[in-house]
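Per-entry structural report
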Number of protein chains: 2
Amino acid sequence: MTITGKHLITGEWEHVGHLTFTSVDPRQKVASPVLFYNATPEEIDRAAVAAAKAFQVMRTYPATRLAEFLDRVAAEIEALGDVLIETADRETALGIPRLTSERARTTGQLQAFGALLREGSYVEAIIDTAQPDRQPAPRPDMRRMLFPIGPVAVFSASNFPFAFSVAGGDTASALAAGCPVIVKAHPGHPATSELTAQAVKKAVDACDFPAGCFSMVQGDRIEVGQKLVEHPLIEAVGFTGSLRAGRAIFDTAARRAKPIPVYAEMSSVNPVVILPGAIHKRGEALAEQVAASVTLGCGQFCTNPGLVFVVDGPETQAFMKQVSERMDQRDAGVLLNANIERGLVQAVQETLTREGVRQLTAARPDEGTEGYSYPNTVLQMSGETFRMDAGLQNEHFGPVTAFVVCDNQDDMELALDFLRGNLTATIQAEADEMDAARRLYDRLREKVGRLIWNGFPTGVEVVYAMQHGGPYPATTAPATTSVGMMAIKRFMRPVAFQNMPGELLPDALKDGNPLKLWRIVDNQWTRG
Amino acid sequence: MTITGKHLITGEWEHVGHLTFTSVDPRQKVASPVLFYNATPEEIDRAAVAAAKAFQVMRTYPATRLAEFLDRVAAEIEALGDVLIETADRETALGIPRLTSERARTTGQLQAFGALLREGSYVEAIIDTAQPDRQPAPRPDMRRMLFPIGPVAVFSASNFPFAFSVAGGDTASALAAGCPVIVKAHPGHPATSELTAQAVKKAVDACDFPAGCFSMVQGDRIEVGQKLVEHPLIEAVGFTGSLRAGRAIFDTAARRAKPIPVYAEMSSVNPVVILPGAIHKRGEALAEQVAASVTLGCGQFCTNPGLVFVVDGPETQAFMKQVSERMDQRDAGVLLNANIERGLVQAVQETLTREGVRQLTAARPDEGTEGYSYPNTVLQMSGETFRMDAGLQNEHFGPVTAFVVCDNQDDMELALDFLRGNLTATIQAEADEMDAARRLYDRLREKVGRLIWNGFPTGVEVVYAMQHGGPYPATTAPATTSVGMMAIKRFMRPVAFQNMPGELLPDALKDGNPLKLWRIVDNQWTRG
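To start, this report covers the structure provided alongside it. (Residues numbered from 1 in each chain as written. Chains lettered and ligands numbered in written order. Predicted model: local features only at pLDDT ≥ 70, side-chain atom pairs only at ≥ 80, totals over all residues. Heavy atoms only, no water.)

**A closer look at the overall build of chain A**
- Helix and strand counts for chain A come out as 14 helices and 21 strands.
- What you see for chain A is a C-alpha radius of gyration of 25 Å, in line with the 24 Å of a compact globule of 528 residues.
- Looking at chain A as a whole, 64% of its 528 residues qualify as buried. (Helix = DSSP H or I, 4+ residues; strand = E, 2+ residues; numbered from the N terminus. Rg over C-alpha atoms; globule rule 2.2 N^0.38 Å. Buried < 20%, exposed > 50% of the residue type's maximum accessible area, 1.4 Å probe, protein only.)

Written out as structure tokens, the structure is:
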């Protein structure tokens, strides 16, 4: 399994450009000898044309055939064996245990979309039968279902080299929808990306899918992604990453002659509210849990709890001290890459220049390990300080959290009203704090995609009911999710058929319901 | 029922601005004596703040209460009686019969959303129960449903003074979702808009809804709409109108610090393909039907058939002659306003400057009635001419259609591949042309939101299975519909609840299913 540094386009490994970049081991800050190429506009064009051509074939495949393909992709990723995990660990320093479970999550996700396809009701089949005798005019027969939207561009994230990368959630859901995918691999783990793309290519060949249904291009220049988003044959974009990059892609897509939807998951500080009763009853356990959640994966989770809201008091002061001590005691992890380290140093520095913000932890940025690193950090500010400056909601992407210390519950409710959009919000409370919790949830519901009770936001289940999304700046598309089964809906659009003869209807809309789908027929749910 | 020319804001009729415009009778080109005011930025701000405040109340209402409100709005519109129809006829010249049926459609639509709310499954309740024994970690309980998105700005259309206006489909679906609405009334029918807003206000009062849940602002300046879209408290936009205006609103929303979704339905030429067998067997009837569909409502339908694809031959030549003769024989209708007349004159002129386009009808623009008018017009071009110039797909908003005469079926398939996005596509064919039809539908499916068999695109049923949308430039949001029950989904977004105690869950997600909704529980549809 040689790493070539090339792009996968129309089933071939190739490169025509000369601009290169390397893969860097974040523990040693040492570059690997392999050179990776930046895709050229010509290569992106070829991938897009091939995707459009593949779509003409792929969109005719029954859901079961797409499901078999997803299963095969999962199997081929498994078949890569240890080398995939080891390569990813060398490129990301996320560690073998985490990467092993992330791989399982990734293959499980592919299989879960397969199961969704086999069940079939995700196409939202709706039938309104004709009423030939209706006055003043007959009502026609109308039938509607979802179809794939077309070629999709997927931007990999740095922090999940499997689950939000080449064959991650965006790719899995787009392929499940029946859409060809062109992945722009993340330059932080290009070798891992190439290995994964090898696995997908094997599945494409084994299942006799058109070669253009999956391409992967490499690049560390923003022009690569920009050209991809601008390409007129691309119909939608999936993205996970920073607010700045996500917004740039959103803006590019909105400026196109034909604008296209951008599903960007970008920035979230995931407020955790800890009510006094919870601190009183289980402060020590909570201190450990907060420290664990903030430092999980070296803090590089989009669901990392970046703001912790508490009500001031002696127990709260003691609790914050406990959290800070534990954070100081924990080893500083290794960050993914130089960009993240630089960004984090800058972001925390900027926050600390604001009046009313102070640092509770002792460690200083230069006390890290020899790799890319940042010390585990706890900041503190008052509810009022928080309210006065929206900049204090900027994400610190890494093992950093900030306590927002409110005077009382009213002050806390007020502070929460100032929150921008987030992926999640969490409440830690005791049973006798239910009324306070209810009022807080009511406010928080308007700000987030997921509300958590007595847990922590890190850990995102791949289930039907998951909502991994939220109001801007958490995402650019708050009505959609990028994790869980409903993620497939991002890459589909409805088409209605009026008075269509049965032989021209897709199976999902035929009389007699040959696929045995749950459908809405004349306003009633039925499988008949 | 005096017309004041004012805006409805926080339940009061008011104006502070001084820029005015008038309502013009398009049959006589005579302005009414009432002056209407352009809303000022201050007024728009007040409406938006009131909407945000109303949302805090309205979003807690059960679906049944929203349904009662919609029913009441419908009843209050009916209660306005003939004066509403007469006012609309004076302002739009659409005629009493058409306006009477449009009113019925509008009230029926409000009631249909009420029925949707009472049935309840539109919230898409999904439950994944906990798996406490799952290895390596327990699976949490996860529950997800849709909630209203927040205050919505609705832009009325000129061509449907009821059904796509103040209390039309966008308003009905946004209110049904539980979202406050601020309508930017269309300056073409401001008195009709004021009357309708009076009816909505009565319903707001009768149902004890917060006054801010419905506001209406008037204006003929683009700044009014722009300020509304830019307002940070607006969370989504519904729009029906021209491509130019819709794109401007889309661009404004995309440039906001917090971008918001814009559901703009804009421009469609609704290709109708007539296969040779259909012309052979029922050419005369088809000629009459084409002429009737093109001139319906003086051609001012977003589903007006603007392009008719045929295969050349003696019967086709005779057919085109028949259509042209019928178009010449029909009286030229009255257009809605000066803008539409000017735009149509310009658009047809521009099309006729292109090489290979000729006019089959005899009438000339100056032969219209004394009102705003344009003669019924048929143009003709070859398939090749059509393919070579995307500008030939620009909409002629009025009683104008163009034949695209293809050499054979292959030439026609090629031409259809060049189509941009449209709301609809139609095929007229005989039973023995099924194979050809299948190939055409397969191509057309990628271009449109609705496919029609042996009918005409004009006439859009308000049913569950309707899809009134399509790829750009038909809309800015191809995954959504602006007509039919699924239109409510545009104004909702999902929130998931993780390990939430039952007492904090919304009824739709509670154990025991107190609302008796169809839900997905552990991947199975159930009402249990």
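That covers the picture; the talk isn't over yet.
**What to know about the sheet that holds strand E13 (residues 307-311) of chain B**
- The strand order across the open sheet formed by 12 strands is E21(A)-E20(A)-E5(A)-E6(A)-E19(A)-E18(B)-E17(B)-E12(B)-E13(B)-E16(B)-E15(B)-E14(B), and the pairing between neighbours is mixed. Sheet topology places strand E21 (524-526) of chain A together with strand E14 (358-359) of chain B at the edges, where each strand pairs with a single neighbour.
- Here strand E17 (residues 422-428) of chain B runs beside strand E18 (residues 448-453) of chain B; their pairing, made up of five bridges, is parallel. Paired with Thr424(B) across the strands is Arg450(B), a residue of E18(B). (Pairing = 2+ DSSP bridges.)

**Details of the packing of aromatic side chains**
- Applying the stated rule across the entire model yields 24 aromatic pairs over all chains.
- Ring centres of Phe319(B) and Phe403(B) lie 6.0 Å apart, and the angle between their planes is 75 degrees; on these two criteria the pair is classed as edge-to-face. One end of the pair, Phe319(B), is in helix H10 (residues 314-329); the other, Phe403(B), is in strand E16 (residues 400-406), with 84 residues separating them in the sequence.
- Overall, Phe403(B) belongs to the buried group, its relative accessible area being 0%.
- Linked through ring pairs, Tyr61(A), Phe69(A) and Phe209(A) together constitute an aromatic cluster. (Phe/Tyr/Trp six-rings, centres within 6.5 Å; stacked < 30°, edge-to-face > 60°.)

**Considerations on the side chain of Arg445(B)**
- In this structure, Arg445(B) sits in the loop between helix H14 (434-444) and E18.
- If we skip the residues at most four places from it in the chain, Arg445(B) touches Arg59(A), Phe147(A), Arg493(A), Val495(A), Phe497(A) and Leu451(B). (Contact = heavy atoms within 4.5 Å.)

**So, the interface of chain B and chain A**
- Counting from both sides, the interface comprises 69 residues of chain B and, opposite them, 69 residues of chain A.
- Summing the contributions of chain B and of chain A, the shared interface buries around 6300 Å²; its carbon and sulfur component is 58%.
- If you sort the residues of chain B by the area they bury against chain A, Arg445(B), Arg493(B) and Trp525(B) come out on top, with a joint share of 11%.
- On the surface where chain B and chain A come into contact, there are six salt bridges.
- Taken together, the links from chain B to chain A amount to 40 residue pairs in polar contact (both at pLDDT 80 or more).
- Those elements that place two or more of their residues in the side of chain B that touches chain A are strand E5 (126-128), strand E6 (142-148), helix H8 (243-255), H14, E18 and strand E19 (492-498) of chain B.
- It is E19(B) that provides the largest number of residues to the side of chain B that touches chain A, a total of seven residues.
- Of the residues in the side of chain B that touches chain A, the class split is 40 nonpolar, seven polar and 22 charged.
- Bridge analysis of strand E19 (residues 492-498) of chain A against E18(B) gives three bridges, and the strand direction is parallel. Across the sheet, the residue bridging to Ala496(A) is Arg450(B), located in E18(B). (Buried area = accessible area lost by both parts, 1.4 Å probe. Salt bridge = Lys/Arg side-chain N within 4 Å of Asp/Glu carboxyl O. Polar contact = N/O pair within 3.5 Å; in protein donor to acceptor, adjacent residues only side chain to side chain. Nonpolar A, V, L, I, M, F, W, Y, C, P; charged D, E, K, R; others polar.)

**Let's talk about unusual backbone geometry**
- At the junction of Gln135(A) and Pro136(A), the peptide bond is cis and its omega measures out at 0 degrees in the coordinates.
- Residue placement: Pro136(A) occurs in the loop between strand E5 (126-128) and strand E6 (142-148).

**Side note on the relation of the copies chain B and chain A**
- The transformation that overlays chain B on chain A combines an axial shift of 0.0 Å with a rotation of 180 degrees, and the residual RMSD is 0.0 Å. What we have between these two chains is a two-fold relation. Within chain B, the C-alpha atom positioned nearest to the axis of rotation is that of Ala254(B), 3.3 Å from it. (Least-squares fit on C-alpha atoms with pLDDT ≥ 70 in both.)

**Things to note about empty space enclosed by the protein**
- Scanning the model with the defined rule gives 12 cavities of 30 Å³ or more in all.
- Forming the boundary of the largest cavity are 26 residues, of which Glu124(A), Trp525(A), Glu124(B), Lys489(B) and Trp525(B) lie nearest the centre.
- In terms of residue class, the lining of the largest cavity is built from 18 nonpolar, two polar and six charged. (1 Å grid on protein atoms, 1.4 Å probe; cavity = no way out; pocket = protein on both sides within 12 Å on 5 of 7 lines; lining within 4 Å. Points joined across faces, edges and corners; volume = space filled by probe spheres on them.)

**Describing the pattern of salt bridges**
- For the structure on display, the rule yields 64 salt bridges over all chains.
- Measuring nitrogen to oxygen at the nearest pair gives 3.0 Å for the salt bridge that ties Asp71(A) to Arg118(A). Here Asp71(A) is found in helix H2 (residues 63-80), whereas its partner Arg118(A) is found in helix H4 (residues 96-119), with 47 residues between them in sequence.
- Its relative accessible area of 43% is what places Arg118(A) among the partly exposed residues.
- Two residues, Glu413(B) and Arg443(B), come together in a salt bridge whose shortest N-O distance is 3.3 Å. With Glu413(B) in helix H13 (residues 409-417) and Arg443(B) in helix H14, this pair connects stretches of sequence that are 30 residues apart.
- Under the relative-accessibility criterion, Arg443(B) is labelled partly exposed at 27%.

**Quick word on helix H6 (residues 190-206) of chain A**
Residue and element names in this part refer to chain A.
- When the terminal C-alpha atoms of H6 are compared, their 24 Å separation across 17 residues agrees well with the 24 Å that a helix rising 1.5 Å per residue should span.
- Burial runs high along H6: 13 of the 17 residues are buried.
- A positive phi of about 60 degrees marks Asp208, the residue just after H6. (Expected span 1.5 Å × (residues − 1).)

**Quick look at the packing of helix H13 (residues 409-417) of chain A against helix H14 (residues 434-444) of chain A**
Residue and element names in this part refer to chain A.
- At a minimum axis separation of 9 Å, H13 and H14 run at an interaxial angle of 15 degrees. Here H14 runs roughly parallel to H13, going by the angle between their axes. The crossing of H13 and H14 is right-handed. Here Gln409, Met412, Glu413, Leu416 and Asp417 of H13 lie close against H14, whose contacting residues are Ala436, Arg439, Leu440, Arg443 and Leu444.
- Residue composition of the contact of H13 with H14, grouped by class: five nonpolar, one polar and four charged. (Axes fitted to C-alpha atoms, helices over the stretch in contact; angles between N-to-C directions. Parallel < 35°, antiparallel > 145°, perpendicular 65-115°, else oblique. Left-handed = near helix turned anticlockwise from the far one by under 90°.)

**Quick word on the pairing of E17(B)**
All names here are of chain B.
- Buried residues dominate E17, accounting for seven of its seven residues.
- Relative to E17, strand E12 (residues 272-274) runs parallel, the two being bridged by three bridges. Each bridged residue has a counterpart across the sheet, and for Ile274 the counterpart in E17 is Gln428.

**Digging into the environment of Asn304(B)**
Residues and elements named next belong to chain B.
- As for its placement among the helices and strands, Asn304 is situated in the loop between helix H9 (276-295) and E13.
- Taking C-alpha positions, Asn304 is 18 Å from Gln346, a pair spaced 42 residues apart along the chain.
- With residues up to four places along the chain from it excluded, the contact list for Asn304 reads Ser268, Val269, Asn270, Ser293, Val294, Gly299, Gly398, Val400 and Thr458.
- At 3.2 Å, the side chain of Asn304 and the backbone oxygen of Gly398 are in polar contact.

**Notes on the packing of helix H3 (residues 82-92) of chain A against H4(A)**
Residue and element names in this part refer to chain A.
- Remark: H3 packs on H4, axes separated minimally by 10 Å, with the N-to-C direction vectors making an angle of 125 degrees. Classified by the angle their axes make, H3 and H4 are oblique. Handedness of the crossing formed by H3 with H4: right-handed. Residues Leu84, Ile85, Ala88, Asp89 and Thr92 of H3 form the contact with H4, whose own contacting residues are Ile96, Leu99, Thr100 and Arg103.
- Tallied by class, the residues present in the contact of H3 with H4 amount to five nonpolar, two polar and two charged.

**So, the environment of Ala425(B)**
All names here are of chain B.
- Along the polypeptide, Ala425 turns up in strand E17.
- On the accessibility criterion, Ala425 (0% relative accessible area) is buried.
- In this structure the C-alpha to C-alpha distance between Ala425 and Arg105, which are 320 residues apart in sequence, comes to 23 Å.
- With sequence-adjacent residues up to four places away left out, Ala425 is seen in contact with Pro271, Leu444, Val448, Arg450, Leu451 and Ile452.

**Digging into helix H7 (residues 222-230) of chain A**
Residues and elements named next belong to chain A.
- Taken residue by residue, H7 has Val224, Gly225, Leu228 and Val229 as its buried positions. In an axial view of H7, the angular spread of the buried residues amounts to 125 degrees, which keeps them on one side of the axis.
- Here the buried face of H7 lies against helix H1 (41-58), strand E7 (152-155), strand E8 (181-184), strand E9 (214-217), strand E10 (236-240) and helix H8 (243-255). (Arc of directions from axis to C-beta.)

**Topic: the sheet that holds strand E18 (residues 448-453) of chain A**
- Reading across the sheet, the 12 strands line up as E14(A)-E15(A)-E16(A)-E13(A)-E12(A)-E17(A)-E18(A)-E19(B)-E6(B)-E5(B)-E20(B)-E21(B) and stay open at both edges, with mixed pairing between neighbours. Whereas interior strands pair on both sides, the edge strands pair on one side only; in this sheet they are strand E14 (358-359) of chain A together with strand E21 (524-526) of chain B.
- Against the sheet, H14(A) contacts strand E12 (272-274), strand E17 (422-428) and E18 of chain A, and its axis sits at roughly 165 degrees relative to E18(A).

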